[in-house]
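# A closer look at the structure
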Amino acid sequence: MTTLPVDNTTVDQTSGRPPLVLNHTSFDTVTSEICRVNEAKKPPFAWYATMAISSALAGMLGLLIGYLILTGVGVWGNNNPVMWGFPIVNFVFWVGIGHAGTLISAILFLFRQKWRTSINRFAEAMTIFAVICAGTFPGIHIGRVWLAYWLFPIPNQMSMWPQFRSPLLWDVFAVSTYFTVSAVFWYIGMVPDLATLRDRATNKIKAVAYGVFALGWRGSMRHWHRYERAYLLLAALATPLVLSVHTIVSFDFAVSQLPGWHTTIFPPYFVAGAIFSGFAMVLTLAIPARELWGLKNFITLRHMENMAKIILLTGTMVGYAYGMEFFMAWYSGEVYEQFAFINRAFGQYAWAYWIMISCNVITPQIFWFKWCRRNIWVLFFASLLVNIGMWFERFVIAVTSLANDFLPSSWGWFEPTWVDVLTFLGSFGLFMTLFLLFIRYLPILAIAEIKAVMPEADPHAGHDHDHDHGHEEVKS
């Protein structure tokens, strides 16, 4: 492999693309730099500052849930006819955030996409934490939380089974299955790296803790064989969940008879939107992480550019779905359906609709330009806008259709209360607290997988070129 310097990095002449790992020709330096994030005696000041804010917000979330249980759901802005407000909006939003992790890990692994290796670990962690945040909202939205066991497939005290025809019950099975498989997939992938941290531990507590979770890993041929077989099977199992989970979440709306909800485009539309928002959140987390912990050699502009391309693709799909909704409302000749979509764009919630369009349809189009895909600041702010837009998409779907339904006499106006707003902010605190703890105590990058995509892992590497202190000879 011959490389050329381009924009302070290198380019593989055989493929014309930058390598996936920059400035490294030694497995030992890769291990040392990634483990440094966990082994540092003190993390950066920004970690402490963010952790303080996040844990305060997470504590506020716990207090607000207690206040809700003691006082009742009247503290929310939900009303008649808007029986679904912030809790369902936030639930769908967080489930969508959790989609990118499984997509990056499972589907890209099955398609042998090597660029996934530097971002899959924290994307998987993001999935776990986002699903935890998502699961919080249905649990408190049922009103009488002490009857939450009704959601499970067990006979209740009236000797009746739960209503299996309700999509809300389908969510219980879909989300819990998705969480379980994603958590196992995430953990199994970390086993070799946990063993690395165990072997490098400088005190007994860390050695014992990492040793327990490393499951006796010694890196033997048998261990690697079993690991790779288990990882492949879990990837194959997790792949259909990427499609099924948000499809079932979309059924919360699609199986109803409400104009604006009762449409067959919802399942693919929701899946594309979930991948869209999930990759945006990966960018939002990856960009500060690579800056603060010096991971630019592993999370490169090539990774950023690939994620920007996926955001462009899925954003275009979401924009197409928005247009098709209007087209089908017109083509159907159904006056209620036509009114629902005209009202979304020009009614009392038009401001939310146009925020959604601006962030989800217009913003991703900047990624047609390569300089935008390779500019860190553009990527970061675009990812923030996409996440804002995807939250407003769920708000528009849930609230506008309910606020103006069949009878004008029953129309209403939804206005969130301070409990709604602070609970939503608290969910971000919970998410970031879990994510920051993960960065501090677990390997943020997949050490073993990153080494596997380096040229040095190729048994034929080094026979057709010379190395000079980690940099290859440059041909003009």
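Everything quoted here is computed from the prediction, not taken from an experiment.

With that out of the way, let us pick up the overall build of the protein chain. Within the protein chain, the regular secondary structure consists of 16 helices and four strands. By the burial criterion, 52% of the 476 residues in the protein chain qualify as buried. In the protein chain, the proportion of contacts linking residues at least 24 apart, taken out of those at least 6 apart, comes to 79%.

Below, the discussion takes up the packing of aromatic side chains. Taken as a whole and assessed by the stated rule, the structure comprises 52 aromatic pairs. Ring centres 5.6 Å apart and planes at 85° place the aromatic pair Y269 and F270 in the edge-to-face group. Here Y269 and F270 have matching classes, each one buried. Judged by centre distance (5.8 Å) and plane angle (90°), the rings of Y269 and Y322 are edge-to-face. Of the two residues, Y269 sits in helix α9 (residues 266-292) while Y322 sits in helix α10 (residues 301-332), which places them 53 residues apart along the sequence.

Attention shifts here to the environment of W293. In this structure, W293 sits in the loop between α9 and α10. Along the primary structure W293 and I439 are separated by 146 residues, whereas in three dimensions their C-alpha atoms are 9.8 Å apart.

Take the confidence of the model for the protein chain next. On average, the protein chain scores 85 in pLDDT, and the residues at 70 or more come to 89%. Note on residues 1-9: pLDDT is under 50 here. Beyond four places in sequence and across chains, it has 28 contacts. Confidence drops under a pLDDT of 50 for residues 463-476, and excluding neighbours within four residues, the segment shows 23 contacts in the predicted structure.

There is a patch of nonpolar side chains on the surface, built from F327, M328, W330 and Y331 and spanning about 500 Å² of accessible area. We classify W330 as exposed; its relative accessible area is 57%.

Here we take up the packing of helix α5 (residues 120-141) against α9. Across the interface, α5 lies against α9 with an axial gap of 10 Å and an inter-helix angle of 115°. In this structure, α5 crosses over α9, and the sense of that crossing is right-handed. Every residue of α9 that contacts α5 at F122, A123 and M126 is listed here: G278, M281, V282, L285 and A286. Each residue belonging to the contact of α5 with α9 can be placed in one class, and the counts come to seven nonpolar, one polar and no charged.

A separate point is the nonpolar core. F122, F253 and F279 are the most contacted members of the largest nonpolar core, which has 140 residues in total. Broken down by element, this core gets its largest block of residues, 16 residues, from α9. With residues near it in sequence (within four places) discarded, F122 still touches V282, A286, I299, F435, F438, I444 and L445.

For the coordinates displayed, the defined rule picks out 10 salt bridges. Across the pair E291 and R290 runs a salt bridge, and its minimum N-O distance is 3.5 Å. For R290, a relative accessible area of 5% corresponds to the buried category. The partner of E393 in a salt bridge is R394, with the nearest N and O atoms 3.7 Å apart. As far as burial versus exposure is concerned, E393 and R394 are alike and both buried. One salt-bridge network, held together by shared partners, links R290, E291 and K296.

Right, let's talk about the packing of helix α4 (residues 99-110) against α9 for a bit. Each pair of packed helices gets described by two things: the angle between the helix axes and the distance between those axes. Orientation of α4 relative to α9, taken along the N-to-C sense of each, is 85°, at an axis distance of 7 Å. As summarised for this structure, α4 and α9 are arranged roughly perpendicular, according to the angle between their axes. Here α4 contributes H99, A100, L103 and I104 to the contact with α9, which in turn contributes A274, I275, G278, F279 and V282. For the contact of α4 with α9, a count of residues per class yields seven nonpolar, two polar and no charged.

If you check helix α2 (residues 45-71), its first and last C-alpha atoms are 39 Å apart, about what 27 residues at 1.5 Å a residue would give, namely 39 Å. Within α2 the residues assigned to the buried category are W47, M51, S54, M60, L61, L64, I65 and L68. In this fold, the buried residues of α2 make contact with α5 and α15 (418-441). Positive phi shows up at G72, right after α2, with a value of about 115°.

Definitions and limits used
- Residues numbered from 1 in each chain as written.
- Predicted model: local features only at pLDDT ≥ 70, side-chain atom pairs only at ≥ 80, totals over all residues.
- Heavy atoms only, no water.
- Helix = DSSP H or I, 4+ residues; strand = E, 2+ residues; numbered from the N terminus.
- Buried < 20%, exposed > 50% of the residue type's maximum accessible area, 1.4 Å probe, protein only.
- Contact = heavy atoms within 4.5 Å.
- Phe/Tyr/Trp six-rings, centres within 6.5 Å; stacked < 30°, edge-to-face > 60°.
- pLDDT = per-residue confidence, 0-100.
- Patch = residues over 30% accessible without salt bridge, like charges linked within 9 Å, V, L, I, M, F, W, Y side chains within 5 Å.
- Areas by Shrake-Rupley, 256 points an atom, 1.4 Å probe, with all protein chains shown as cover.
- Salt bridge = Lys/Arg side-chain N within 4 Å of Asp/Glu carboxyl O.
- Axes fitted to C-alpha atoms, helices over the stretch in contact; angles between N-to-C directions.
- Left-handed = near helix turned anticlockwise from the far one by under 90°.
- Nonpolar A, V, L, I, M, F, W, Y, C, P; charged D, E, K, R; others polar.
- Core = buried A, V, L, I, M, F, W, Y, C linked by side-chain atoms within 4.5 Å.
- Parallel < 35°, antiparallel > 145°, perpendicular 65-115°, else oblique.
- Expected span 1.5 Å × (residues − 1).

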